[in-house]
Amino acid sequence: MKCSIPKGTRDFLPVEMARRNYIFDTIRDVFKTFAFEPIETPSIENLSTLMGKYGEEGDKLLFKVLNSGNFMDGVDFSQEYNKVAPKICDRGLRYDLTVPFARFVVQHRDQIALPFRRYQLQPVWRADRPQKGRYREFYQCDADMIGSRSLLNELELVQMIDAVFNKLGIGVTVKINNRKVLSGIATMVGAPDKLIDITVAIDKLDKIGLDNVKGELRERGLSDGQILALDPVFNLSGSTNDKLAGLRNIFTNNADGLAGVEELETLFSLINTVSVDCNVELDLTLARGLNYYTGAIFEVKAHDVSIGSICGGGRYDNLTGIFGMPDVSGVGISFGADRIYDVMTELNKFPDNLGQAAQVMFINFGNNELPYVIKCAAQMRDHGISSLVYPDAAKMKKQMDYANKKGVAFVAFIGENEMNQNNITIKNMSSGQQSTLSIPEAIATIQKA
RNA sequence: GUGGGCGUAGCUCAGCUGGUUAGAGUGUUGGAUUGUGGAUCCAAAGGUCGUGGGUUCGAGCCCCACCUCCCACCCCA
């Protein structure tokens, strides 16, 4: 039988786990220092919780879970797939952590104090076609604050992004935009209903160029006049302040747009009051497809690596409203641990002392010495030293070879001599040095190494 | 969902314009070496050449279909 795992999923070897945990630990530490508390939610949610939150594309990418039992009874299978699916699938795998979090807040509103800040490190699933940096199962590391409209929250998210990538040693640019500015633009050209179409097209500006963007806008149903009306936006240039000032002029009498500009002005002036090492820039072409965003939107790109964004997020004013708890605004970011892993691999940024199965391995000479060996190993473990007793009295070469491959720091020899004199011989595997010591001395030596 | 590329040993790959018994390196196992690893040498095991069909006297190689993985678009972490 040929064994394999489903498309877009991966196994992780011990080395990989050590590196992944290094990323998770780094992110978790930053979240904790910003006073976020952990929660978890189930892998499967009711499909009704998930559907319609991520746009048409997102609905297609949801993994749906087939009902159990006689789910085919009374279902008309001659209908289209998207009509049949909701009837035979009541549940689906979560697509992100933000929507389940909104559901969580509504459901547990009596047990949490607003404003509430939580972090959550869990896998999500998308039925995308896999490719570089895109998996069907991947981890998101989310931090969200809910129940506060203060832009201080946005500032702290930027500081957290800065802290995480600083610790990991990755150079990044944080791009910031505001959905209200985008909808202001849509209103300005007289196509508020085309907000998504306009943003998706504008998003591609740096990739396909102005002419192609205009072509795409035309395809998406904007008139030539409307496209022409966008020119003042495309012509904005200069510093962040210049662009924001330009937008103010464009947005006279455009309440939505002006509100967005004001938020951006406030956020950028806040950012200027703190010290941030990474690049932070205003990017008016940043759109982000998830259609629950209503205010600030963030996206983080790694320098020197061509991969999608490694972190993203934004403010959502009414996500809980869908579940029956209106007027609770939230804002959050999500770190893509798997992409960060890929970036760090490509840039060779992992520390090389990560992960070690055992600090000391006891050579197995046979049943005579074994009771003493077991006692020694127990003492080592009591002192927090990870210890391994080779399970079989195999040939010395084989045992040494194994210790070498495992990368254990010390090998312990306990034969007749050592046992009789209550000693232990330990060998440092990287230096090759070897000495016979009392057990407390050996413990001290290993702990020092 | 659309387009492109790949598929030969556990892994990385070679295999000539189609020719008889499919190779190397690495890894695995055993030995040289009975209380000492990384090096070297020897030996062994390991393949329905992605799957199915077709062309041919003859297919790993040519043709068709399907599958997989990779890459790009789309979208996004």
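Everything numeric here is computed off the predicted structure, so don't read it as measured data. (Residues numbered from 1 in each chain as written. Chains lettered and ligands numbered in written order. Predicted model: local features only at pLDDT ≥ 70, side-chain atom pairs only at ≥ 80, totals over all residues. Heavy atoms only, no water.)

## Remarks on helix α7 (residues 179–188)
Inference 1: Across the 10 residues of α7, eight count as buried, placing the element largely inside the fold.
Inference 2: Listed as buried for α7 are R179, K180, V181, L182, S183, G184, I185 and A186.
Inference 3: In this structure, the buried residues of α7 make contact with β7 (172–178), α8 (195–203), α12 (231–234), α13 (240–250), α14 (255–273) and β9 (296–302).
Inference 4: Between the side-chain oxygen of the N-cap and the backbone nitrogen of K180 there are 2.8 Å, and the N-cap of α7 in question is N178.
Inference 5: Backbone geometry just after α7 places G190 at a positive phi near 75 degrees. (Buried < 20%, exposed > 50% of the residue type's maximum accessible area, 1.4 Å probe, protein only. Helix = DSSP H or I, 4+ residues; strand = E, 2+ residues; numbered from the N terminus. Contact = heavy atoms within 4.5 Å. Polar contact = N/O pair within 3.5 Å; in protein donor to acceptor, adjacent residues only side chain to side chain.)

## A short note on helix α19 (residues 439–448)
Inference 1: Residues of α19 that are buried: I439, A442, I443 and I446. The buried residues of α19 occupy one face: seen down the axis, they fall within an arc of 100 degrees. Opposite the buried face of α19, at more than 90 degrees from it, the exposed residues are P440 and K448.
Inference 2: Buried residues belonging to α19 abut β12 (360–362), α16 (370–382), β14 (410–413), β15 (423–428) and β16 (434–438). (Arc of directions from axis to C-beta.)

## Digging into the sheet that holds β9
Inference 1: Reading across from one edge, β1-β5-β6-β11-β10-β9-β7-β8 is the order of the eight strands in this open sheet, with mixed pairing throughout. Every other strand in the sheet has two partners, leaving β1 (37–38) and β8 (279–282) as the edge strands with one partner each.
Inference 2: Sitting on the sheet, helix α15 (residues 337–347) is in contact with β6 (137–146), β9 and β11 (330–336), with an inclination near 45 degrees to β11. (Pairing = 2+ DSSP bridges. Axes fitted to C-alpha atoms, helices over the stretch in contact; angles between N-to-C directions.)

## Examining the sheet that holds strand β13 (residues 387–389)
Inference 1: One open sheet holds the five strands; their spatial order is β13-β12-β14-β15-β16, and the pairing between them is mixed. Looking at the sheet topology across the chains shown, the edges are occupied by β13 and β16. On average, each strand axis in the sheet is tilted by 25 degrees relative to the strand beside it, whichever way the strands run.
Inference 2: Running over the sheet, α19 touches β12, β14, β15 and β16 and is turned about 130 degrees from β16.

## A short note on the confidence of the model for chain A
Reading fine detail from the predicted coordinates is not recommended where pLDDT is low.
Inference 1: For chain A, per-residue confidence averages 91 on the pLDDT scale, and 99% of positions sit at 70 or higher.
Inference 2: Between the elements of chain A, mean pLDDT differs from a low of 78, seen in helix α4 (residues 81–88), to a high of 98, seen in β1.
Inference 3: Among the prediction metrics, the complex's ipTM stands at 0.83, with pTM recorded as 0.91. (pLDDT = per-residue confidence, 0-100.)

## What about the nonpolar core?
Inference 1: Judged by nonpolar contacts, the single largest core of 98 residues is most densely connected at F31, F165, F335 and I340.
Inference 2: With eight residues, the single largest contributor to this core is helix α6 (residues 152–168).
Inference 3: Dropping the residues within four chain positions of it, I340 is found in contact with I23, I27, F165, L168, I170, I310 and F335.
Inference 4: In this structure, C376, M380, I385 and A442 belong to the second largest nonpolar core, which totals 18 residues. (Core = buried A, V, L, I, M, F, W, Y, C linked by side-chain atoms within 4.5 Å.)

## Brief notes about the packing of aromatic side chains
Between two aromatic rings, the relevant description is the distance of the centres plus the angle of the planes.
Inference 1: This model, assessed by the stated rule, comprises 14 aromatic pairs.
Inference 2: With 6.3 Å between their ring centres and 40 degrees between their planes, F31 and F36 make a pair best called tilted. Of the two residues, F31 and F36, both sit in the buried class.
Inference 3: What links up through ring pairs into an aromatic cluster is the set F31, F36, Y119, F165 and F335.
Inference 4: Taking the ring centre of Y135 as reference, the NZ or CZ of R10 above it sits at 3.6 Å.
Inference 5: Above the face of the F12 ring, R20 is positioned so that its terminal group lies 3.7 Å from the ring centre. (Phe/Tyr/Trp six-rings, centres within 6.5 Å; stacked < 30°, edge-to-face > 60°. Lys NZ or Arg CZ within 6 Å of the ring centre and 35° of its normal.)

## Let's talk about the packing of α7 against α8
For any two helices packed against each other, the geometry is given by the interaxial angle and the distance between the axes.
Inference 1: Where α7 meets α8, the axes come as close as 9 Å, and the angle between the chain directions of the two elements is 110 degrees. As summarised for this structure, α7 and α8 are arranged roughly perpendicular, according to the angle between their axes. Helix-helix and strand crossings are classified by hand; for α7 and α8 the assignment is right-handed. Facing α7, whose interface residues are L182, S183 and A186, α8 presents L195, I198 and T199. (Parallel < 35°, antiparallel > 145°, perpendicular 65-115°, else oblique. Left-handed = near helix turned anticlockwise from the far one by under 90°.)

## Considering the pattern of salt bridges
Inference 1: Within this structure, the stated rule accounts for 23 salt bridges.
Inference 2: In this structure, R28 and D25 form a salt bridge, with 3.0 Å as the shortest nitrogen-oxygen distance. Of the two residues, R28 and D25 both sit in helix α1 (residues 14–33), three residues apart, roughly one turn of that helix.
Inference 3: Residue classification places D25 among the partly exposed positions, given a relative accessible area of 38%.
Inference 4: Its salt-bridge partner being R149, residue D317 comes within 3.4 Å of it at the nearest N-O pair. Of the two residues, D317 is situated in the loop between β10 (311–316) and β11 and R149 in the loop between β6 and α6; the sequence distance between them amounts to 168 residues. (Salt bridge = Lys/Arg side-chain N within 4 Å of Asp/Glu carboxyl O.)

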